[in-house]
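An overview of the molecular structure
What follows is the residue order along each chain.
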Amino acid sequence: MSSAQGFGSNSPRTKLTQSQLNAILLRHQAFRKSQPGGVRANLKMRDLSHLDLSGIDLSDADLSGAKLFSARLTGANLANANLYAADLRLANLEKADLRRADLRGACLRGAVLSEATLVEVDLRDGTLLHYDASGEMYAHEYEDSVLTSELTAATIRGADLSRAKVANAFVMQTDLTDAVLRGTKFMRANLTGSNLTGCDLTDADLTEANLSGARLSGAVMTGCAINRTNFSGATLIGAILDAAQMRSPNLQAAVLAKTLENPEDDLREMLMEHLSWIDSGGKAGKRADLSALDLSGRKLDGINLSAAILQCIALRGANLSGAAMAIADMSLADLRKANLSKADLRGVNFERATLTGADLTEAQLGPVHIQTMSGHVWRANLQRARLGMALLRKADLRKANLSGANLAGADLTGANLSEADLTGADLTGAVLDGATMDQAIVEEAIGLAG
């Protein structure tokens, strides 16, 4: 039975007008402030479909069984609210605060929850309930009495679901790109075909979950439980996995990074073609495409891969010191503990790349000036890159896009960050002694003193 039916088809919902709702909200506001006449909002089984509830404070309110179909709840405060078996189909909850809300048995099919806070929400199964003549609730007694929470086809990009309980829920064809899912409980959840690109699944529990056909490129899965998880056809190219996880038989049916049969010969041939392509301005040879290859631990110092396509490449612990990789596309690459000291990375695309513990001492990550009539400037893109504990001493990061990047604990001693975009970047514990930050954009940056 669909949870869109709320507490059951025999339970009528009272339609509220915007003016009636405003009166309830005023009393709830007074209740929240402990003012006289304040009453906790009771919107149980009410029909609030299509209403504009943007920015309202309904924290601790009772919205159990409420119909909020296509309601606008952007930026709303629903912390600790009771949304048990609520109908939130196609609702817009962008940037809403739902921390610790009770969403058991709720239907969020097609809802928008991008950048919402869903920390510790409860999205487990609910039990179908009905009202009797006196208004009291009682449990449905038949086999179809379980209401499974549903997030099918929802958009949850960049949302924080840390430690949320999503066991058994339907989360199919859902966009969870860049979502924070640290410690989230997904046991037996159905995530078929969902997009988890770049999400953080650190210490999450995916035991017996179905991730067939899901996309997990660039997802951090360290410490994630994957016992009996179904990864059939799931794309894990560029996913950050523990060594123990890599040995798991569950991953055999997944799409993983490839290794070259004859790495030395194959690489030499690709590089020769690529150099010919560079020297001829693209008229001869072939542009190197090493996407989804696993070249971890290889000695590639001084290599010329300028403008190469290196998406989702695995280069963990590789030596790329002095390498030329200007304007290369290294988005979603795994470069943990790689040596990129003194490398030419001007205009490189490191979007969502993982460079945790990498050595970028004296690396060039400034802009490239394209020789055209318009004089286009090609900036290095490190948006949402993971640079925790990386060495960036004396690195050139002029005009680099570091918005949303994780630089926690990074050493930026003497680095040049002039005109860099650090919007929303995490610089907690970063060393910035002698760093130049003239005209840098630091709005919403975390960990910057003063």
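Above this text is the structure in question.
A brief report on the enclosed structure follows. (Residues numbered from 1 in each chain as written. Predicted model: local features only at pLDDT ≥ 70, side-chain atom pairs only at ≥ 80, totals over all residues. Heavy atoms only, no water.)

1. Observations concerning unusual backbone geometry
- Positive phi, close to 70 degrees, is recorded for H50, a residue that is not glycine.
- With respect to the secondary-structure elements, H50 resides in the loop between strand 2 (46-47) and strand 3 (126-127).
- The exposure class of H50 is exposed, given its relative accessible area of 55%. (Helix = DSSP H or I, 4+ residues; strand = E, 2+ residues; numbered from the N terminus. Buried < 20%, exposed > 50% of the residue type's maximum accessible area, 1.4 Å probe, protein only.)

2. Some details on the pattern of salt bridges
- Using the criterion set out here, one finds 25 salt bridges in the structure.
- Here D102 and R104 are joined by a salt bridge, their closest N and O atoms 2.8 Å apart.
- A single salt-bridge network, built from bridges that share partners, covers D178, E351, R352 and R384. (Salt bridge = Lys/Arg side-chain N within 4 Å of Asp/Glu carboxyl O.)

3. Some words on the side chain of S194
- Inspection of the secondary structure puts S194 in the loop between strand 6 (146-147) and helix 2 (243-246).
- A polar side-chain atom of S194 sits 3.4 Å from the main-chain amide nitrogen of Q173.
- Ignoring any residue separated from it by four or fewer positions in sequence, one finds S194 in contact with V171, M172, Q173, T174, A214 and R215. (Polar contact = N/O pair within 3.5 Å; in protein donor to acceptor, adjacent residues only side chain to side chain. Contact = heavy atoms within 4.5 Å.)

4. Considerations on helix 1 (residues 18-32)
- For helix 1, spanning 15 residues, the distance from its first C-alpha to its last is 20 Å, which sits close to the expected 21 Å at 1.5 Å a residue.
- Those residues of helix 1 that sit buried are L21, I24, L25, H28 and A30.
- Positioned one or two residues after helix 1, S34 has a phi angle of 55 degrees, which is positive. (Expected span 1.5 Å × (residues − 1).)

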